[in-house]
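Below are the chains, spelled out letter by letter.
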Amino acid sequence: MDVTSPDLELQLAPGEPATATATGLATVEDACAWLAARRPRIRDLLDEHGALYLRGLPIHDPEGFAAVRDVVLAVRAAYQEKATPRTHFGDDVYSSTDLPPSQSIRMHNENSYTLTFPGMLLFCCLTAPHTGGATPVADCRQVLRNLPPDLVERFRVTGWSLRRNYGERISLGWRTAFNADSRDEVEKYCADNMISHRWGENDTLRTRQVRPAIIRHPRTGDEVWFNHAAFWSEHSLDPEIRGVLLEELGQDGLPFTTGYGDGTALSADDVRAMNAAYDAAVLRTTWQAGDLLIVDNLLAAHGRDAFRGDRRIVVAMGEPVTLQECRPIPSMTVCGG
């Protein structure tokens, strides 16, 4: 099915994200001009679909991607409370993740656990993998509709909780995660961002925060499912990996643990229902070199499929949004650590 819009032809196919193709662009400067002329239309399409693939753009390196980024994103956003290893190419351009190719990454919204998060994400394919490696997307409005009503209501009332353990042996160390050199810096960040914390032995740190599971998009007013509750649940882990981690680290030592905001643990059935809601909403397409994926980080979750062969996907974040702008459910008054 082809939907024609002024100067932008959109392709919609079952199981695939909204895609448009540019033609006749030879340079990055051409790409920047093409995108600048279509910014209002792209914003409208993101409001409708949550994510948009643009093909046929002559983007070949991080520098070209940075130039395009500065056309699409008016303001850059910081990567806070880091959770995965990334390569920094300079000028706020990063690898999408440096996790092993055999490891898929479940659907999530970037930085949903922070008080200020990127409103927009840009991904660009510099080298397409031989097989696999798609960046699937899922409309978070649809995810919310897919969830069991009783589970949604409980999250509306309590929010969700996140407990993290930082340590070089466990996951990322606190210096890397918080981009800090001293404990004083971390303690100030935690105080400013409604995070409780406790220092442990061997230079480790444990934190806990409670955040809303459902927010409203400040532009469209839509309610969206916006959290890492399933993503970081132990029940989302491969059973063998979960068993090893529990044996080595214990329940309180897991790198990430999620639950209801009132402290109640999530059941395996709860997490299964959340992951099924994402799966039912997922759209994916195969990366091609030069592809640009624009994601409204509030309206759409994203993930990564396992892959083989070289895969170079760069990412940038922008248009920061504060949680208060999103009329969170529950309100901020119950979302402390």
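1. Section: the packing of helix H1 (residues 28-37) against helix H3 (residues 62-72)
Next up, step 1: Axis separation between H1 and H3 bottoms out at 9 Å; the angle between their running directions is 15 degrees. Taken as axis vectors, H1 and H3 run roughly parallel relative to one another. Classified by chirality, the crossing of H3 by H1 is right-handed. Together, Val28, Ala31, Cys32, Leu35 and Ala36 of H1 and Gly64, Ala67, Val68, Val71 and Val72 of H3 make up the contact between the two elements.

2. Some details on H1
Next up, step 1: Along H1, the residues classified as buried are Val28, Ala31, Cys32, Trp34 and Leu35. Buried residues of H1, viewed axially, fall in a sector of 165 degrees; they line one side. Across from the buried face of H1, at angles greater than 90 degrees, the exposed residues are Glu29, Ala33 and Ala37.
Next up, step 2: As for H1, its buried residues are in contact with strand E2 (8-11), helix H2 (39-49), strand E4 (51-55), H3 and strand E18 (292-296).

3. Topic: the packing of aromatic side chains
Next up, step 1: Summed over the entire model, instances satisfying the criterion amount to 10 aromatic pairs.
Next up, step 2: Taking the centre distance of 5.2 Å and the plane angle of 85 degrees together, the rings of Phe155 and Trp225 count as edge-to-face. With Phe155 in helix H5 (residues 149-158) and Trp225 in strand E15 (residues 223-225), this residue pair connects regions lying 70 residues apart in the sequence. In this pair, the class of Phe155 matches that of Trp225, namely buried.
Next up, step 3: Of the aromatic side chains, those joined through ring pairs into one cluster are Tyr113, Phe231, Trp232 and Phe256.
Next up, step 4: Above the plane of the ring of Tyr79 lies Arg86, whose end atom (NZ or CZ) is 4.4 Å from the centre.

4. So, H2
Note on helix geometry: an α-helix contains 3.6 residues per turn, so any two residues three or four positions apart are oriented the same way.
Next up, step 1: All of the buried residues along H2 are Ile42, Arg43, Leu45, Leu46 and Asp47.
Next up, step 2: Those residues of H2 that are buried lie in contact with E2, H1, E4, strand E8 (116-127), helix H4 (140-146) and E18.
Next up, step 3: Just past H2, the residue Gly50 takes up positive phi, approximately 85 degrees.

5. Considerations on the sheet that holds strand E11 (residues 160-166)
Next up, step 1: The strand order E12-E13-E11-E16 describes an open sheet built from 4 strands, whose pairing is antiparallel. On the outer flanks of this sheet lie strand E12 (196-199) and strand E16 (256-260), each paired with one strand and no other. Adjacent strand axes in the sheet meet at a mean angle of 15 degrees when their direction is disregarded.
Next up, step 2: Direction of pairing for E12 relative to strand E13 (residues 205-211): antiparallel, over a ladder of 4 bridges. Residue pairing for E13: Ser196 is matched across the bridge by Arg208.
Next up, step 3: Strands E12 and E13 of the sheet are contacted by helix H7 (residues 183-192), whose axis makes an angle of about 155 degrees with E12.

6. Re unusual backbone geometry
Next up, step 1: With a phi close to 60 degrees, Asp92 is a non-glycine residue in the positive phi region.
Next up, step 2: Structurally, Asp92 is set in the loop between strand E5 (88-90) and strand E6 (93-95).
Next up, step 3: When its relative accessible area of 34% is taken as the criterion, Asp92 is described as partly exposed.
Next up, step 4: The phi torsion at Arg327 lies on the positive side, around 45 degrees, for a residue other than glycine.
Next up, step 5: Structurally, Arg327 is set in the segment after strand E21 (312-322).
Next up, step 6: With relative accessibility at 45%, the residue Arg327 sits in the partly exposed group.

7. A short note on the side chain of Gln209
Next up, step 1: Following the sequence through the fold, Gln209 ends up in strand E13.
Next up, step 2: Engagement of the side chain of Gln209 in a polar contact is seen with the side chain of Glu81, the distance being 3.2 Å.

8. Focus: the sheet that holds strand E19 (residues 300-304)
Next up, step 1: Strand order in the open sheet formed by 4 strands is E7-E19-E10-E17, with antiparallel pairing between adjacent strands. Because the sheet does not close on itself, it has two edges, and the strands there are strand E7 (105-108) and strand E17 (282-283).
Next up, step 2: Two elements, strand E10 (residues 137-139) and E19, share 3 bridges in a ladder whose sense is antiparallel. The partner of Val137 across the bridge, within E19, is His302.

9. Remarks on the environment of Pro218
Next up, step 1: When you line up the elements, Pro218 lands in the loop between strand E14 (214-216) and E15.
Next up, step 2: Measuring from C-alpha to C-alpha, the distance between Pro218 and Gln103 comes to 34 Å, with 115 residues separating the pair along the chain.

10. A few points about the nonpolar core
Next up, step 1: Phe155, Trp225 and Met274 are the most contacted members of the largest nonpolar core, which totals 58 residues.
Next up, step 2: For this core, the leading source of residues is helix H9 (residues 268-281), giving 5 residues.
Next up, step 3: Not counting the four nearest positions on each side in its chain, Met274 is found in contact with Leu147, Leu151, Phe155, Trp225, Ala229, Ala230 and Leu266.
Next up, step 4: Leu10, Cys32, Phe65 and Val93 belong to the second largest nonpolar core, which has 33 residues in total.

11. Concerning the confidence of the model for the protein
Next up, step 1: Of all residues in the protein, 96% attain a pLDDT of 70 or more, and the chain-wide mean is 93.
Next up, step 2: Counting contacts from residues 1-6, a segment whose pLDDT is below 50, to residues more than four positions away or on other chains yields 12 contacts.

About the thresholds
- Residues numbered from 1 in each chain as written.
- Predicted model: local features only at pLDDT ≥ 70, side-chain atom pairs only at ≥ 80, totals over all residues.
- Heavy atoms only, no water.
- Axes fitted to C-alpha atoms, helices over the stretch in contact; angles between N-to-C directions.
- Helix = DSSP H or I, 4+ residues; strand = E, 2+ residues; numbered from the N terminus.
- Parallel < 35°, antiparallel > 145°, perpendicular 65-115°, else oblique.
- Left-handed = near helix turned anticlockwise from the far one by under 90°.
- Contact = heavy atoms within 4.5 Å.
- Buried < 20%, exposed > 50% of the residue type's maximum accessible area, 1.4 Å probe, protein only.
- Arc of directions from axis to C-beta.
- Phe/Tyr/Trp six-rings, centres within 6.5 Å; stacked < 30°, edge-to-face > 60°.
- Lys NZ or Arg CZ within 6 Å of the ring centre and 35° of its normal.
- Pairing = 2+ DSSP bridges.
- Polar contact = N/O pair within 3.5 Å; in protein donor to acceptor, adjacent residues only side chain to side chain.
- Core = buried A, V, L, I, M, F, W, Y, C linked by side-chain atoms within 4.5 Å.
- pLDDT = per-residue confidence, 0-100.

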